[in-house]
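As a plain string of letters, each chain reads:
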Amino acid sequence: MELLSTPDGRYILSSSEDETVKVWDASSRKLLNTYTAHGSYVRALAFDPNTSLVASGDGDGEIHIWRLSSLERIATVHPIQGEGAGIPSLSFSPDGRTLAFGADRGVGLIELGGDEPQPRVLLADCPSAVVVMCPSAHELAVACMHRHGPAAHECVDHSADLSTTCPRPATVQGACSNYLTSTVAPAAWSLPWTVFAS
């Protein structure tokens with residue numbers, strides 16, 4: 001189950017294995033609406049910076065982008081094909097033009113500015129627990145998990161072509177590190193993070 005509150009505190013979204021996303025009024029705790037377009041349980045939720053769009057990712061690897069006010073779906077993206085491609089984490093960039101995704105088998109970005117969303121896998125075969133777009137819009141932080149334990153920190157340019165495996169250890173530094181420690185739950189911060197910085 002995933003719970004997410006809007007930045008202004010007016011709404012709460014909840015998702016669960018019933019394949020829906022429910023929109024709640026935070027003050028009255030009343031159910032306002034239910035998004036029902038997913039065909040698998042919904043694992044991840046994110047709001048765009050204006051709180052007008054929602055991104056939701058499911059266990060089959062589909063990401064839906066839809067309007068909070070009307071539940072109108074404006075895009076569906078399936079960035080990683082095949083079994084085990086579920087989406088456990090999503091995060092919008094501060095300008096709302098890029099959506100980061102963490103999948104069970106990879107990490108990437110979806111460019112939202114054009115007619116069709118364009119997904120780009122940054123790291124394949126690198127399961128991700130959490131992705132966070134940092135306020136600079138040039139940094140993506142990733143907590144990457146492996147079968148043999150978590151991957152380690154790294155800072156690289158996310159615009160470059162990257163290898164298909166998780167990077168070597170380095171250190172999370174600067175503004176993104178400060179943002180993560182102030183916004184991510186302590187349990188998630190204890191995971192090793194990878195930071196892509198341009």
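Predicted model, so just to flag it, every value in this text is computed and none were measured. Along each chain, residues carry numbers from 1 onward, in the same order as the chain's sequence is written. Only residues with pLDDT of 70 or above have their local features reported here, since the model is predicted, and side-chain atom pairs are shown and tallied only from 80 upward, although totals for entire chains, interfaces and linings are computed over all residues. As a rule here, side-chain values cover all heavy atoms of the structure and leave hydrogens and water aside.

Caption draft 1: Summary view of the overall build of the protein chain. Helix numbering and strand numbering both begin at the N terminus, where a helix is a DSSP run of H or I of at least 4 residues and a strand a DSSP run of E of at least 2. Looking only at helices and strands, the protein chain features two helices and 17 strands. For each residue, the accessible area found with a 1.4 Å probe, counting protein chains only, is set against the maximum for its type, and the residue is called buried under 20%, exposed over 50%, and partly exposed in between. Burial statistics for the protein chain: of 198 residues in total, 45% are counted as buried. The criterion used for residue contact is that any of the two residues' heavy atoms lie within 4.5 Å. A separation threshold of at least 6 residues defines the contact pool for the protein chain, and within that pool the share at least 24 residues apart is 42%. By element, 48% of the accessible surface of the protein chain is carried by carbon and sulfur atoms, the whole surface being about 9700 Å². Only the protein chains shown count as cover for residues, with accessible areas throughout obtained via the Shrake-Rupley method and a probe of 1.4 Å.

Caption draft 2: Fine view of the pattern of salt bridges. Criterion for a salt bridge: a side-chain nitrogen of Lys or Arg within 4 Å of a carboxyl oxygen of Asp or Glu. Applying the stated criterion across every chain, the model contains four salt bridges. Two residues, glutamate 72 and arginine 67, come together in a salt bridge whose shortest N-O distance is 3.1 Å. Taking relative accessible area as the criterion, glutamate 72 reaches 42% and is therefore assigned partly exposed. Across the salt bridge formed by arginine 97 and aspartate 95, the nearest N and O atoms sit 3.1 Å from each other.

Caption draft 3: A look at the sheet that holds strand S7 (residues 63–67). Strand pairing is assigned whenever DSSP identifies at least 2 bridges connecting the two strands. Strand order in the open sheet formed by four strands is S5-S6-S7-S8, with antiparallel pairing between adjacent strands. With partners counted over all chains shown, the strands left at the sheet margins are strand S5 (42–47) and strand S8 (73–77), one partner each. Each neighbouring strand pair of the sheet contributes to a mean axis angle of 20°, computed without reference to strand direction. In this sheet, strand S6 (residues 53–58) lies alongside S5 in antiparallel orientation, the contact comprising five bridges. By the bridge assignment for S6, alanine 44 is matched with glycine 57. Axis lines are fitted to C-alpha atoms, over the contacting stretch for helices. Their N-to-C directions set the angle, which ranges from 0 to 180 degrees.

Caption draft 4: Seen up close, the layout of surface pockets. In this analysis a 1.4 Å probe is tested at points of a 1 Å grid over the protein atoms alone, and where it fits but cannot get out there is a cavity; an open set with protein on both sides within 12 Å along at least five of seven lines is a pocket; lining residues have an atom within 4 Å of a point. Grid points are joined across faces, edges and corners, and a volume is the space filled by probe spheres set on the points. By volume, the second largest pocket is sized at about 230 Å³. As for the second largest pocket, its lining consists of 15 residues, and the residues nearest its centre are Leu53, Ile65, Ile74, Leu112 and Gly113.

Caption draft 5: Main features of the nonpolar core. Definition of nonpolar core: a set of buried residues of the types Ala, Val, Leu, Ile, Met, Phe, Trp, Tyr and Cys, connected through side-chain atoms within 4.5 Å. Within the largest apolar cluster, 17 residues are counted, with the highest numbers of intra-cluster contacts made by Ala55, Ile63, Ile87, Leu90, Leu99 and Phe101. At the level of secondary structure, the elements contributing two or more residues to this core comprise S5, S6, S7, S8, strand S9 (89–92) and strand S10 (98–103). It is S10 that contributes the most residues to this core, three residues altogether. In contact with leucine 90, other than residues within four places in its own chain, are Ala44, Leu45, Ala46, Ala55, Ser56, Gly57, Ile63, Leu99, Ala100, Phe101 and Val131. Leu13, Val23, Leu45 and Leu71 belong to the second-largest nonpolar core, a separate cluster that totals 11 residues.

Caption draft 6: Here's a closer look at the side chain of aspartate 58. With respect to the helices and strands, the residue aspartate 58 is situated in strand S6. A polar side-chain atom of aspartate 58 sits 2.9 Å from a polar atom in the side chain of histidine 38. Polar contacts here mean pairs of N or O atoms no more than 3.5 Å apart (in protein, one a potential hydrogen donor and the other a potential acceptor; neighbouring residues in sequence count only if both atoms are side-chain atoms). Engagement of the side chain of aspartate 58 in a polar contact is seen with the backbone nitrogen of glycine 61, the distance being 3.1 Å. In contact with aspartate 58, other than residues within four places in its own chain, are His38, Gly39, Ser40, Tyr41, Val42, Arg43, Gly86 and Ile87.

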